[in-house]
Amino acid sequence: KILILDFGSQVTQLIARRVREAHVFCEVHPCDVSDDWVRAYAADGQLKGVILSGSHASVYEESTDKAPQAVFDLGVPVLGICYGMQTMAHQLGGKVEGGHTREFGFAEVRAHGHTKLLEGIQDHATAEGHGMLDVWMSHGDKVTELPPGFKLMASTPSCPIAGMADEARGFYGVQFHPEVTHTKQGQALLERFVLGVCATRPDWVMGDYIEEAVARIREQVGDEEVILGLSGGVDSSVAAALIHRAIGDQLICVFVDHGLLRLNEGDMVMDMFSGKLHAKVVRVDAAELFLGKLAGVSDPEAKRKIIGREFVEVFKAEAARLKAGADGALKGAQWLAQGTIYPDVIESGGAKSKKAVTIKSHHNVGGLPEQLGLKLLEPLRELFKDEVRELGVALGLPPEMVYRHPFPGPGLGVRILGEVKKEYADLLRRADAIFIEELRNFRDEASGKTWYQLTSQAFTVFLPVKSVGVMGDGRTYEYVVALRAVQTSDFMTADWAELPYALLKKVSGRIINEVRGINRVTYDVSSKPPATIEWE
Ligand code: XMP
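The written sequence of each chain sets the order in which its residues are numbered from 1. In view of the model being predicted, local features appear only for residues whose pLDDT reaches at least 70, and side-chain atom pairs are presented and counted only at 80 or more, with totals across whole chains, interfaces and linings using the full set of residues.

Focus on unusual backbone geometry
Okay, step 1: Note that the residue after Lys 528, namely Pro 529, is joined by a cis bond; omega there is -15 degrees.
Okay, step 2: Counting through the fold element by element, Pro 529 comes out in the segment after strand E21 (518-523).
Okay, step 3: Following Pro 529, the chain continues into Pro 530 via a peptide bond in cis, with omega recorded as 5 degrees.
Okay, step 4: To qualify as a helix, a DSSP run of H or I must reach at least 4 residues; to qualify as a strand, a run of E must reach at least 2; elements of each kind are numbered from the N terminus. Here Pro 530 is to be found in the segment after E21.
Okay, step 5: Of note, the phi angle at Cys 82 is positive, near 55 degrees, even though the residue is not glycine.
Okay, step 6: With respect to the helices and strands, the residue Cys 82 is situated in the loop between strand E4 (78-81) and helix H3 (83-91).
Okay, step 7: Exposure is read from a count of other C-beta atoms within 10 Å of each residue's own; the residue is exposed at 12 or fewer, buried at 20 or more and partly exposed in between. C-beta atoms are placed from the backbone. Classification of Cys 82 as buried rests on a count of 28 C-beta atoms within 10 Å.
Okay, step 8: A positive phi angle, near 55 degrees, is found at His 278, a position not held by glycine.
Okay, step 9: Here His 278 lies in the loop between helix H7 (265-276) and strand E15 (280-285).

Here we look at the UniProt feature "binding site: ATP" (unreviewed entry) in the protein chain
Okay, step 1: UniProt positions are given in the numbering used here, feature names are shortened, and annotations may be inferred rather than shown by experiment. Per the UniProt record, "binding site: ATP" (unreviewed entry) is found at Ser 231, Gly 232, Gly 233, Val 234, Asp 235, Ser 236 and Ser 237.
Okay, step 2: Mapped onto the elements of the fold, Asp 235 is located in helix H6 (residues 234-247).
Okay, step 3: Given 21 C-beta atoms within a 10 Å radius, Asp 235 is considered buried.
Okay, step 4: Mapping Ser 236 onto the fold places it in helix H6.

What to know about the sheet that holds strand E8 (residues 131-139)
Okay, step 1: Taken in spatial order, the ten strands make up an open sheet running E2-E1-E3-E4-E12-E11-E10-E6-E8-E7, and their pairing is mixed. Both edges of this open sheet fall to strand E2 (26-30) and strand E7 (124-125), since each of them pairs with a single strand only.
Okay, step 2: At least two bridges found by DSSP between two strands is the condition for calling them paired. Pairing of strand E10 (residues 151-155) with strand E11 (residues 163-166) involves three bridges; the strand directions are antiparallel. In the strand pairing of E11, Lys 151 is matched with Ala 165.
Okay, step 3: We call two residues in contact when their backbone-placed C-beta atoms lie within 7 Å. Interaxial angles span 0 to 180 degrees and are taken between N-to-C directions of axes, which are lines fitted to C-alpha atoms, for helices over the stretch in contact. Here helix H1 (residues 12-21) sits on the sheet and contacts strand E1 (2-7), E2 and strand E3 (49-55); the angle it forms with E2, its principal contact strand, is near 165 degrees.

Observations regarding the nonpolar core
Okay, step 1: In these notes, a nonpolar core means any group of buried Ala, Val, Leu, Ile, Met, Phe, Trp, Tyr and Cys residues linked to one another through C-beta atoms within 7 Å. If you look at the biggest cluster of nonpolar residues, it comprises 85 residues, and the most contacted ones within it are Val 226, Ile 227, Leu 228, Val 238, Ile 243 and Cys 253.
Okay, step 2: Among the elements that line this core, the one with the most residues is H6, at nine residues.
Okay, step 3: The domain boundaries here were taken from an automatic or database domain assignment. In this structure, this core is formed jointly by two domains, domain 2 (206-402) and domain 3 (422-523), each of which donates at least three residues.
Okay, step 4: Ile 227 has contacts with Ile 252, Val 254, Ala 319, Leu 322, Ala 333, Trp 335, Leu 336 and Ala 337, leaving out every residue within four places of it along the chain.
Okay, step 5: With 62 residues, the next largest nonpolar core counts Val 76, Ala 111, Leu 146 and Met 153 among its residues.

Digging into the site of the ligand
Okay, step 1: Each residue gets a C-beta atom placed from its backbone. If that atom is within 6 Å of a molecule or strand, the residue is near it. Taken together, twelve residues sit near the ligand, with Pro 408, Gly 409, Thr 532, Ile 533 and Glu 534 positioned nearest.
Okay, step 2: Under the scheme applied here, ten amino acids are nonpolar (Ala, Val, Leu, Ile, Met, Phe, Trp, Tyr, Cys and Pro), four are charged (Asp, Glu, Lys and Arg), and all others, including Gly, are polar. Of the residues contributing to the shell around the ligand, the split by class is five nonpolar, four polar and three charged.

Overview of the UniProt feature "active site" (unreviewed entry) in the protein chain
Okay, step 1: Per the UniProt entry, the sites bearing "active site" (unreviewed entry) are Cys 82, His 177 and Glu 179 in this numbering. Judged by maximum C-alpha separation, these annotated positions cover 98 residues in sequence but sit close together in space, the widest gap being only 10.9 Å.
Okay, step 2: Residue placement: His 177 occurs in the loop between strand E12 (171-174) and helix H4 (186-197).
Okay, step 3: Dropping the residues within four chain positions of it, His 177 is found in contact with Val 11, Gly 54, Ile 81, Cys 82, Trp 136, Ser 138 and Thr 183.
Okay, step 4: Filtering out sequence-adjacent residues up to four positions away, Glu 179 remains in contact with Val 11, Leu 14, Ile 15, Arg 18, Ile 81, Gly 186 and Leu 190.

Overview of the domain arrangement of the protein chain
Okay, step 1: The domains assigned to the protein chain are domain 1 (2-197), domain 2 (206-402) and domain 3 (422-523).
Okay, step 2: Contact residues are listed per partner, giving five residues for domain 2 and six residues for domain 3.
Okay, step 3: Taken together, the residues that form the side of domain 2 that touches domain 3 break down as three nonpolar, one polar and one charged.

A few points about the packing of H1 against H4
Okay, step 1: The geometry of H1 relative to H4 is characterised by a closest axis approach of 9 Å and an angle of 70 degrees between their N-to-C directions. One element, H1, and the other, H4, form an angle in the roughly perpendicular class. Remark: the crossing between H1 and H4 carries right-handed chirality. Where H1 abuts H4, its residues Arg 18, Val 19 and Glu 21 lie against Gln 187, Leu 190 and Val 194.
Okay, step 2: Among the residues making up the contact of H1 with H4, the classes are represented as three nonpolar, one polar and two charged. Relative orientations are named as follows: roughly parallel for angles under 35 degrees, roughly antiparallel for angles over 145 degrees, roughly perpendicular for angles from 65 to 115 degrees, and oblique for any other angle. Helix crossings get a hand from a simple test, with the near helix turned counterclockwise from the far one by less than a right angle marking a left-handed crossing and a clockwise turn marking a right-handed one.

Considering the pairing of E15
Okay, step 1: As paired strands, strand E14 (residues 251-257) and E15 are joined by six bridges and run parallel to one another. By the bridge assignment, Asp 257 is partnered in E15 with Asp 285.
Okay, step 2: As a crossover connection, the stretch from E14 through H7 into E15 is right-handed. If you view a crossover with the strands going away from you and the path from the first strand over the helix to the second runs clockwise, you call it right-handed.

Structure below.
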């Protein structure tokens, strides 16, 4: 295994992810573990290498964190990244100085000599045959004197020591960040370190992750009971399946149906978790409550606030009952589980402090576990979205569920423009189901993928305006819907998807014929920015 010591960089978990991608098991621990802890960690002989991460401290602040000195006495290779390289240089007798200029962004690094770490890894070569790497840098301080035993491994014009190596001990430092995708050869470099230098075997798979996570959850929870808010989304579903695998009936899922879910969504969630997985699920049907609170409200942010607030209230009331031992909670639940994933941890600034993070999707409020007097269980907090999906499939969840497009917490509440009414929600649900069904049916010949797979998010929006149409001999005067389908990698910017006309035609025909009450279908051809993905 590989030990990653975290100096608090926002991208530390990316290092872990890259190591997992190389099929090697790794664990992230804070950099301030003691020498004794490190020796005990390595005592079973399984530890094959250590990676020291970058630091969270902005380059203008000074960090005084050090690696436990024992790391350098274990006889295993060590790779220092950015701040990790600086502390390595400092602790082993080199010199680090504050830079006068901050270096941030792309840089071209030149490799020097032959090192096991960089040999053959390059983006291009100079006329003299030096390997060149396009890398991502972000630092202020820099190493200005190599520690004894080290040789120069890489340099840039502004950072003469951008990489160093003591090959006898297997110690390497790089000033740039191999863990981010901007460093094109980053994965190759990290793989070279863990597989080549540390000589680990690439035999770790997601199935192993399940075993490890199950063991961790069992150890954490013991014989106590856990409540989990199931939303039907990917993260809470995978968390539920994983925790259920670990502790079975000690897990009680609470599924709050706010009446703004997609067609049959509630039944599908119940069927999957209660029916197939045999998990305990309490379904709270709160549709009327939510519609009542939303009556007469048309401002999007006001609607969001109401939905969020009511969601928390309903969930809290249910959790309090379960804590008190209701509904098959035999002892009274003591834990609240959340499907927090690593990007949520970063977003909420909790990467270093491990502070409780805001609750996902439905209710963006922190502090719920404290308010409820429950301990927090977050088994996915180290994983990235695509890893969560892979884990979900490995746990036996259906791929259609795990690879679903994102769905906002307020649900159809923000896809019905203006005031939310049950009539509108029912029409929208049926129209949307047709659109999604046809996106799954239509395949792009060139790629062999369905249009559902080729779009990042697709849905239908209900417009509470009526337009005139004709049907048979009669004039109709009915509602309008808009279809929205976008392609994006980060949801910050998005392009409208160039869906085939045949698909649009089929969807439009079906909606107008099958959903009485809608007589016009439009397609949204606005990109983000300036439009947003949702209409509200
Ligand atoms: P926009 O509309 O801002 O959407 O371009 C970007 C992404 O965020 C989702 N979204 C939300 N998710 N609660 C959520 O949980 C919300 O209130 C909310 N509003 C937008 C949207 O679906 C898209 O994926």
